[in-house]
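# Summary of structural features
Here is how the chains run, residue by residue.
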Amino acid sequence: MSELYNVSSSPHVRSKDTTGRIMFYVLIALLPTSIFGVYNFGYKALVLILVTIASCVVSEWAYNKIVHKKNTLGDLSAVVTGLLLALNLPATLPWWQAVIGGMFAIVVVKCLFGGLGQNFMNPALGARCFLLIAFAANMTNFTIDAYSGATPLAALRNGESVDTMDMLIGRTAGTIGETCTIAILFGAIFLILMGVIDLRIPGSYIVTFVIFMALFGGHGLDSNYIVAQLCGGGLMLGAFFMATDYVTSPITPNGQILFGVCLGILTGLFRTFGANAEGVSFAIILSNLLVPMIEKITIPKSFGQVKEGKKHE
Amino acid sequence: MGLLTFKGGVHPAEGKELSKDKPTRVLQPKGELVFPLSQHIGAPAKPIVAVGDTVLRGQIIAEAGGFVSSPIASSVSGTIKAIEPRRVPTGDMVNSIVIESDGAFREIEYQEADADALSNDEIIARVQNAGVVGMGGAGFPTHVKLSPKEPGNIEYVIVNGAECEPYLTSDYRIMLDEPEKIVEGLRIMLKLFDNAKGIIAIENNKPECIAKLRELTADESRIDVAELLTKYPQGGERQLIYAVTKRSINSGMLPADAGCIVDNVETVVSVYNAVKLGKPVMNRVFTVTGDAVADPCNFEFYMGTSFKELLDAAGGFKEQPEKIISGGPMMGFALFDLDVPTTKTTSALLCMTRDEVAAADSVATACINCGRCVEACPEQIVPSRLSKFAQHGDKESFEKWHGMECVECGSCSFICPAKRQLAQYIKTMKKQILADRRKK
């Protein structure tokens, strides 16, 4: 009789949150760190950030074009990946190596596995580790006018003392985004307030790591040592911005805590016994691989669930 | 004391301001009324009239088809025009009795009773014969709820006045306009359960109702009014029981297993009408609302009235709607046509100028595993994962991840930033698994 109306399954309303908006919040949260990085390391850092983001964005656009997929730039995830990768690079890295890193992150780690939501490894960190292997010398060259070449953790490892105050405010050698702990924490607090991340992963990561270092670090509860370990080597950036990457972390609440524990142990292991003083990136991408297993053993108990195995057939 | 609530849930825009202050008007229907024989959970009712018969308002026209079933009364006087399948709000074709009203509304004589003089069995029989079913939406026959195995184990009779669905204001109007009937109805129900306390649970976005019912029950030693946090789905049965008693039940349990009986406010009023006045369920309060409606308001309609007639009485559309819904936006049914009858369980007609689902579909992205659905799920399951299992037809994993516990509240689809139809996939899978189980 009359015209027909739209039908669909309930619910018929949707919240305003979108994937793009979440990614935008992450970009905002990374702003203090990025600005400080540019201030600290100069225009080279700015150029590297822009080049890396451009590389990621163009790679994603081109990949989707070539394989005839829908353009997915609107979700802003490529921009986030680009920025995170840049923040994990030394400001002195030749720009073309950053471009290769961006392409690797987007094409190899993300798109080849099915694009957003399907990658099993954090794209930015996957690319960083790729660059560490491919261009080892450039990736570990932190010599820049203001600072000596050694990162605080490398210095610590050689038995030198470090100024933890400098590490908090970021006046040390390191990658563009890892040095200023305060800037990272500002961003992290913003993300927590906006409900983008919670403390399950970073909290359990940091607590486990501190316990591990107190037990096996060889310095006991020496606060100077622990603080230096926490603020150095990108641990804060990793804990709040990369370990919390939704796609590559468990979705189950208990799994997130377990994931943080794995991160803490692996990072501690790599730093204490490994050849490398940092280890956060490797800890995260290794733990990324454990996520399916972690989820399998942490299926949440549903509301009102009684004992297992009491289902009637 | 903090506000009572449950874990999880979402906060959709309430939209209740459109109609909440409009007093309920009685709308007398014209012409044809349709009474689907299945407007409750359980066996369909069986017609006891034939085409051509004349009936009175209040006369039973179909008797219960079993214990878990419910009779249906005519809401008008008139002539039986047809008994044939008709389209109902859920989209199904259901065998229905069609009555042509004579416009006189001649009624049968109702058998009033003194509730205090009735035995428990007589009370339950009066509820059963009046066709009282859960009017919150599910339509579960109330007499079945009132007959648990061990009446002595019931500790709470909870009156559900949460009305957590956005836009709906019918329960709100009942609590404001007829609070005495709620208290009377609850008192009758408490007679059946010696060890039970009556709790009227209301969300704190309805302070007027809370104040009014508190005032009315001040001297009732067995009745309390509980203030709930405004959050969807606070009025879901399992969530409400938890909020009030901190007891959790799962899909395999009944409220009675937690010592509870839960009934919606309008159901309790119907219990009062049935037991005290001897009146069957014939009318109910209904909200016509949404930004496409000229004059959003509340009606008391005669059952069987078409949605079209209710919309016309609310001034029709002021703007062309994209979507019309029977019920609320979270769990209501989208209608493709207004030519469907109202039933015992239809509580609202919501007309929206914008279809948010269609708009969201156009910007849907892949799941990024953000976990918002997990936070929102009142059943504490993992909707994003379950919807993937559903898409892949992986029934084993679906059950292992407790998919059958889903209460279909839609919080996951609402909150999903990737705009994925999580609830739809899960609901479909649940139906398939239930069908498989029945085959065995």
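Data block above holds the structure.
Calculation notes
- Residues numbered from 1 in each chain as written.
- Chains lettered and ligands numbered in written order.
- Predicted model: local features only at pLDDT ≥ 70, side-chain atom pairs only at ≥ 80, totals over all residues.
- Helix = DSSP H or I, 4+ residues; strand = E, 2+ residues; numbered from the N terminus.
- Rg over C-alpha atoms; globule rule 2.2 N^0.38 Å.
- Buried ≥ 20, exposed ≤ 12 C-beta atoms within 10 Å, placed from the backbone.
- Contact = placed C-beta atoms within 7 Å.
- Core = buried A, V, L, I, M, F, W, Y, C linked by C-beta atoms within 7 Å.
- Pairing = 2+ DSSP bridges.
- Nonpolar A, V, L, I, M, F, W, Y, C, P; charged D, E, K, R; others polar.

## Observations regarding the overall build of chain B
Secondary structure summary: chain B contains 14 helices and 17 strands in total. By the compact-globule yardstick of 22 Å for 440 residues, chain B fits well, its C-alpha radius of gyration being 21 Å. In terms of overall dimensions, chain B has C-alpha extents of about 65 × 50 × 50 Å along its principal axes. Counting the 440 residues in chain B, one finds 58% classified as buried. Long-range pairs, those at least 24 residues apart, make up 73% of the contacts in chain B between residues at least 6 apart in sequence.

## Observations concerning the nonpolar core
With 221 residues, the main nonpolar core has Leu48(A), Ala86(A), Ile158(B), Ile200(B), Ala201(B), Val244(B) and Leu310(B) as its most contacted residues. What Ala201(B) contacts, discounting residues up to four positions off in sequence, is Ile158(B), Val159(B), Asn160(B), Gly161(B), Ala162(B), Ala226(B), Leu228(B), Leu240(B) and Val244(B).

## Things to note about the pairing of strand E12 (residues 260–264) of chain B
Residue and element names in this part refer to chain B. Of all 5 residues that make up E12, 5 are buried, and the element is covered over most of its length. Taking every second residue as pointing to the same face, both faces of E12 are buried, with Cys-260, Val-262 and Asn-264 on one and Ile-261 and Asp-263 on the other. Direction of pairing for strand E9 (residues 156–161) relative to E12: parallel, over a ladder of 5 bridges. Each residue of the ladder has a partner; that of Ile-158, found in E12, is Val-262.

## Topic: the interface of chain A and chain B
It is common to give the size of an interface as the accessible area that goes away when the parts come together. Every contact between the two is made by 36 residues of chain A and, on the other side, 58 residues of chain B. Take the side of chain A that touches chain B: its biggest share by element is 3 residues, from helix H1 (residues 19–41) of chain A. Looking at the side of chain A that touches chain B residue by residue, the class counts come to 16 nonpolar, 15 polar and 5 charged.

## Quick word on the environment of Ile174(B)
Residues and elements named next belong to chain B. Here Ile-174 lies in helix H3 (residues 170–177). For the pair Ile-174 and Thr-24, spaced 150 residues apart in sequence, the C-alpha to C-alpha distance is 8.6 Å. Apart from residues lying up to four places away in sequence, Ile-174 is in contact with Val-265, Glu-266, Val-269 and Val-285.

All we've got here are geometric facts, nothing functional implied.
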